[in-house]
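Each chain, letter by letter, is given below.
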Amino acid sequence: MKSHLLAAVAAIVLASPVMAQAPAMPGQPEASRVVAGSYTVDTNHTQVVWSVDHMGFSTLYGMVGEMTGTLNLDPANLAAASLSIDIPLSGLTVTSEGFAKHLASADFFEVETFPTAKFVSTSVVANGNEAKITGDLTLHGVTKPVVLDAKLMGAGANPMSKAQTVGFTATSTLKRSDFGLGYAAPVVSDEVKLKITAAFELAAS
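Since we're looking at a predicted model, the values are computed, not measured.

**Student:** Explain the nonpolar core to me, and be specific about the residues and the numbers.
**Tutor:** In this structure, W50, L103, F109, V166 and F200 are the most contacted members of the largest nonpolar core, which totals 45 residues. Sequence-distant contacts of W50, defined by excluding residues within four places in its chain, comprise L60, Y61, G62, M63, V64, L92, V94, F99, L103, V192, K193 and L194.

See the structure below:
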């Protein structure tokens, strides 16, 4: 037993210099790394994951992607930050083709009539690396206020695109019935939980 322990300790000691030389992640949650300017959504790395309670038997998850939009951000004046995001419902991904068709139907999103949702911020209250972003969400032809609890995930130069990049995570909760999407509630929960990951690249000047 003692020999195994000594071997494990030796392996950790020998690996330590290698671990110490590992490069740091390019993005770091430090506000000082944020460059002021106008940013655009990194469409490939931005997503909203939603979940609902399905009849008490399971939690259903879906994801929305393919988003576009802009973020105007100055770390010296975060209260003046503004965010506008377009959310094409064609970017909705769920567990099966049949479920996707039902969500696109008149029972839910009516995608042919309302193909896009939109979020536009109205205020930002920052506290260190965290912020409450209040905005208007337009979904299914209805506009309601929504609050995002956001947190800076990372900022810095993207080593691949070379673009200055900022990334955030956020959570929120809304009632789908507020947007005329109350089909099957409350058997399927009216409350929808949102988890958001969003990346933005500084627009070329």
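**Student:** Report on the side chain of S121, specifying residues and quantitative values.
**Tutor:** Turning to its location among the elements, S121 is positioned in strand 7 (residues 116-127). Residue classification places S121 among the buried positions, given a relative accessible area of 13%. Polar contacts involving the side chain of S121 include one to the main-chain amide nitrogen of L83, which spans 2.8 Å. Setting aside residues up to four positions removed in sequence, S121 forms contacts with A81, S82, L83, I133, T134 and G135.

**Student:** How would you sum up the pairing of strand 10 (residues 164-175)? Please name residues and give values.
**Tutor:** The pairing of strand 9 (residues 142-157) with strand 10 spans 8 bridges and is antiparallel. Of the residues in strand 10, the one forming a bridge with G156 is T165. Hairpin remark: strand 9 followed by strand 10, antiparallel, with 6 residues in the connecting loop; positive phi at K162, about 70°. Where strand 10 lies against strand 11 (residues 191-202), 11 bridges are found, and the strand directions are antiparallel. Within strand 11, the position partnered with T165 by the bridge is E201.

**Student:** Describe the pairing of strand 1 (residues 37-41), and please don't skip the residues or the numbers.
**Tutor:** Taken together, the 4 bridges between strand 1 and strand 4 (residues 68-73) define a ladder with antiparallel strand orientation. Bridging across to strand 4, S38 finds its partner in N72. Inspection of the sheet shows strand 1 paired to strand 11 by 3 bridges, in the antiparallel sense. Bridge pairing in strand 11 places V41 opposite F200.

Conventions and cut-offs
Residues numbered from 1 in each chain as written. Predicted model: local features only at pLDDT ≥ 70, side-chain atom pairs only at ≥ 80, totals over all residues. Heavy atoms only, no water. Core = buried A, V, L, I, M, F, W, Y, C linked by side-chain atoms within 4.5 Å. Buried < 20%, exposed > 50% of the residue type's maximum accessible area, 1.4 Å probe, protein only. Contact = heavy atoms within 4.5 Å. Helix = DSSP H or I, 4+ residues; strand = E, 2+ residues; numbered from the N terminus. Polar contact = N/O pair within 3.5 Å; in protein donor to acceptor, adjacent residues only side chain to side chain. Pairing = 2+ DSSP bridges.

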